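An overview of the molecular structure
The residues making up each chain are set out below.
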Amino acid sequence: QLSPRPRISPRLRLHQRACFGLGVAHPKMCLYLDMGSGKSVLALELLRYWFDVGKIRRALIFATSDKAYPTWERQFSEFDIDLPHASLDGSSADKWCALRELGDGVAVVHYPGAVAMVSRRVGAVGRGSFKWELDDNRVAELAEWAGALVLDESTRCGSHRSLTFKLMDALRPHAGVRYALSGRPHGRDPTMLWPQLKLIDDGETLGETLGLFRAAFFTECKIRWDPTGRAREYKFIGARSDDLSRLLQHRSITYSAEECVDLPRVITDVVRVALPEEAGLYYRRLVDRVIAAKGNLREMKHVFTRMRQVSSGFVGFVDDETGERAEVEFADNPKLDALLELIDEVPADRQFAVFYEFTRSGRGIVDELRRRGVDCVWLWSGTKDPRRDLGRFTGGGARGIVVNNRVGAYSIDGLQCANYLFVYES
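1. Notes on the environment of Arg-406
Relative to the elements of secondary structure, Arg-406 occurs in helix H16 (residues 405-408). In this structure Arg-406 comes out as exposed when scored by relative accessible area, which is 56%. Between the alpha carbons of Arg-406 and Ser-312 there is a distance of 18 Å; along the sequence they are 94 residues apart. Within the structure, Arg-406 has its side chain in polar contact with the side chain of Glu-357 (distance 2.9 Å).

2. Brief notes about the environment of Ile-267
Examined against the element boundaries, Ile-267 turns out to sit in the loop between strand E11 (252-255) and helix H11 (277-293). Here the alpha-carbon distance between Ile-267 and Asp-169, two residues 98 residues apart in the chain, equals 35 Å.

3. What about the sheet that holds strand E4 (residues 105-110)?
Read from one edge of the open sheet, 7 strands run E3-E4-E2-E7-E8-E1-E11, paired in parallel fashion. Single-partner strands in this sheet number two, and they are strand E3 (85-87) and E11. Geometrically, the sheet is characterised by an average inter-axis angle of 15° between neighbouring strands, direction not taken into account. In the sheet, strand E2 (residues 58-63) pairs with E4 via 6 bridges, with the strands oriented parallel. Bridge pairing links Phe-62 to Val-109 in E4. Against the sheet, helix H8 (residues 193-201) touches strand E1 (28-33), strand E7 (148-151) and strand E8 (177-182), its axis set at about 135° to E1.

4. Side note on the nonpolar core
Leu-31, Leu-47, Phe-62, Trp-72, Leu-167 and Leu-171 are the most contacted members of the largest nonpolar core, which totals 80 residues. Broken down by element, the residue count for this core peaks at 9 residues, all from helix H2 (residues 39-52).

5. A word on helix H3 (residues 69-78)
Every buried residue of H3 is listed here: Tyr-69, Trp-72, Gln-75 and Phe-76. Considered in projection along H3, the buried side chains sweep an arc of 130° and stay on one side of the axis. If you follow the buried residues of H3, they end up packed against H2, E2, E3, E4, E7 and E8. Asp-80 occupies a position one or two residues after H3 and carries a positive phi of about 55°.

6. What about the environment of Asp-135?
With respect to the secondary-structure elements, Asp-135 resides in the loop between strand E6 (129-134) and helix H6 (136-143). Judged by relative accessible area, Asp-135 falls into the buried class, the value being 11%. Considering only alpha carbons, one finds Asp-135 and Gly-395, 260 residues apart in sequence, at a separation of 51 Å. If we ignore the near neighbours within four places in the chain, the residues touching Asp-135 are Val-118, Ser-119 and Arg-120. Within the local environment of Asp-135, its side chain forms a polar contact with the backbone nitrogen of Asn-137, the two atoms lying 2.9 Å apart.

7. Some details on the packing of aromatic side chains
A complete count under the given rule lists 12 aromatic pairs for this structure. Between Phe-62 and Tyr-111 the ring centres are 5.8 Å apart and the planes differ by 15°, which places this aromatic pair in the stacked class. Taken together, the residues Phe-62 in strand E2 and Tyr-111 in helix H5 (residues 111-117) connect sequence positions 49 residues apart. Pair check on accessibility: Phe-62 and Tyr-111 agree, each one buried. For the ring pair Phe-218 and Phe-236, a centre distance of 5.6 Å and an interplane angle of 65° mean the geometry is edge-to-face. Placement of Phe-218 in strand E9 (residues 218-222) and of Phe-236 in strand E10 (residues 232-236) is noted, with a sequence separation of 18 residues between them.

8. Quick notes on the side chain of Arg-251
Secondary-structure assignment places Arg-251 in the loop between helix H10 (241-248) and E11. Buried within the structure, Arg-251 lacks any salt-bridge partner; Glu-204 is the closest side chain of opposite charge, at an N-O distance of 4.1 Å. Excluding its chain neighbours within four sequence positions, the residues that come into contact with Arg-251 are His-26, Lys-28, Met-29, Cys-30, Asp-201, Glu-204 and Thr-205.

9. Focus on the confidence of the model for the protein
Averaged over every residue, the pLDDT of the protein is 91; residues scoring 70 or more account for 98%. Averaged pLDDT values for the elements of the protein fall to 79 in strand E12 (residues 314-318) and rise to 98 in E7.

10. Let's talk about the pattern of salt bridges
Applying the stated rule across the entire model yields 32 salt bridges. The partner of Asp-375 in a salt bridge is Arg-392, with the nearest N and O atoms 3.2 Å apart. Taken together, the residues span a long stretch of sequence, with Asp-375 in the loop between helix H14 (359-371) and strand E15 (376-379) and Arg-392 in helix H15 (residues 386-394) at a distance of 17 residues. A relative accessible area of 33% places Asp-375 in the partly exposed class. Among the ionic contacts, a cluster of salt bridges with common partners joins Arg-7, Glu-45, Arg-48, Asp-52 and Asp-82.

11. Overview of the sheet that holds strand E17 (residues 420-423)
As summarised here, the arrangement of the 4 strands in space is E15-E16-E14-E17, forming an open sheet in which the pairing is parallel. Single-partner strands in this sheet number two, and they are E15 and E17. Taken pair by pair, the neighbouring strands of this sheet meet at an average axis angle of 15°, ignoring direction. Two strands pair when backbone bridges link them, and E15 and strand E16 (residues 400-404) are joined in this way by 4 bridges, in the parallel orientation. Across the sheet, Cys-376 pairs through a bridge with Gly-400, a residue of E16. Contacts from H15 reach strand E14 (352-356), E15 and E16, with the element oriented near 140° to E15.

So, how was this worked out
- Residues numbered from 1 in each chain as written.
- Predicted model: local features only at pLDDT ≥ 70, side-chain atom pairs only at ≥ 80, totals over all residues.
- Heavy atoms only, no water.
- Helix = DSSP H or I, 4+ residues; strand = E, 2+ residues; numbered from the N terminus.
- Buried < 20%, exposed > 50% of the residue type's maximum accessible area, 1.4 Å probe, protein only.
- Polar contact = N/O pair within 3.5 Å; in protein donor to acceptor, adjacent residues only side chain to side chain.
- Pairing = 2+ DSSP bridges.
- Axes fitted to C-alpha atoms, helices over the stretch in contact; angles between N-to-C directions.
- Contact = heavy atoms within 4.5 Å.
- Core = buried A, V, L, I, M, F, W, Y, C linked by side-chain atoms within 4.5 Å.
- Arc of directions from axis to C-beta.
- Phe/Tyr/Trp six-rings, centres within 6.5 Å; stacked < 30°, edge-to-face > 60°.
- Lys, Arg positive; Asp, Glu negative; His and termini not counted.
- Salt bridge = Lys/Arg side-chain N within 4 Å of Asp/Glu carboxyl O.
- pLDDT = per-residue confidence, 0-100.

Below is the structure:
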């Protein structure tokens, strides 16, 4: 019954078509779809529909970081989304320039970059740290492109005190179309649901104020160690989980992978990231060495190993004087950043495995995951009790396992319990 008839791709699956219908019926909607189930293309199809019917001329897509840009750009081309678009990169001045050059169309910008575009420094809060606030004039200019808002991984707006939330809240009145995308909209604490829903439906679902939401679903108590007696902590009332789920259905829909009935058994995806300038310089030198090798297989194999290391954010070498091995780590490692962002999207009740080649990479992955509070085990030649660690993963005690290729390739059973597999180095 829609007129004009939507130009949606025939490749959209049943759950995506259901979400498309909901997104048209309710232009302010939270679409909580499991990782890998097609949130990005769904959002683009909805934007194209609203462009086609003349409801919007401009739209902003907010991504987690610039590492997500290639994914969005690939979705535009792969699904023939014929809308003018640009990814805003570089300095804030560069972003503003690219936005103005785009004019009408879809702009993709990451949350930190968007905040930097419209903020000004107002004072110092410590050594090397500064306080920032939104600049109303710049926010108003950005709002000219806010005919539609797509909040990818909307949990990034889950803190009501953050500048990210404040910026989205300032853009909200200008956007007649708003969609929040996430695989898991909250962790153990459902508090972060309120900011996400407020940005989408103006408080219809969970109340116009956080206080109202907390009064309905949390118990309030004083923090014992606070000398002022004013600080409070809030604990979710577990018995009200069903009530919260029912309320969320007002403007959100959730699909787990199991509910996406026509998804293939395995979905594969290649995530591309760009080499940073420093690593790119090393890489070009290695290309010259490959050419100079003139078919010397031993030399080419040696250089190829170095190329793989550079793409993973470091380069190893042997000290000519001492014979000791050493490694130089690049300041920027977009490959590791992209991996960590993807793991952040894995639902809390799912398990994942990461395969890698170089010990330096494995150690870096494990250190970062543990720093973020992700319970994982590391299976490599230095594992003291591999049977115990593997059992922790297969028994569900650990969410993730980081496995060296050589160790994981032989005589290990149980890794198939992982719902997601990341091949960091093949």
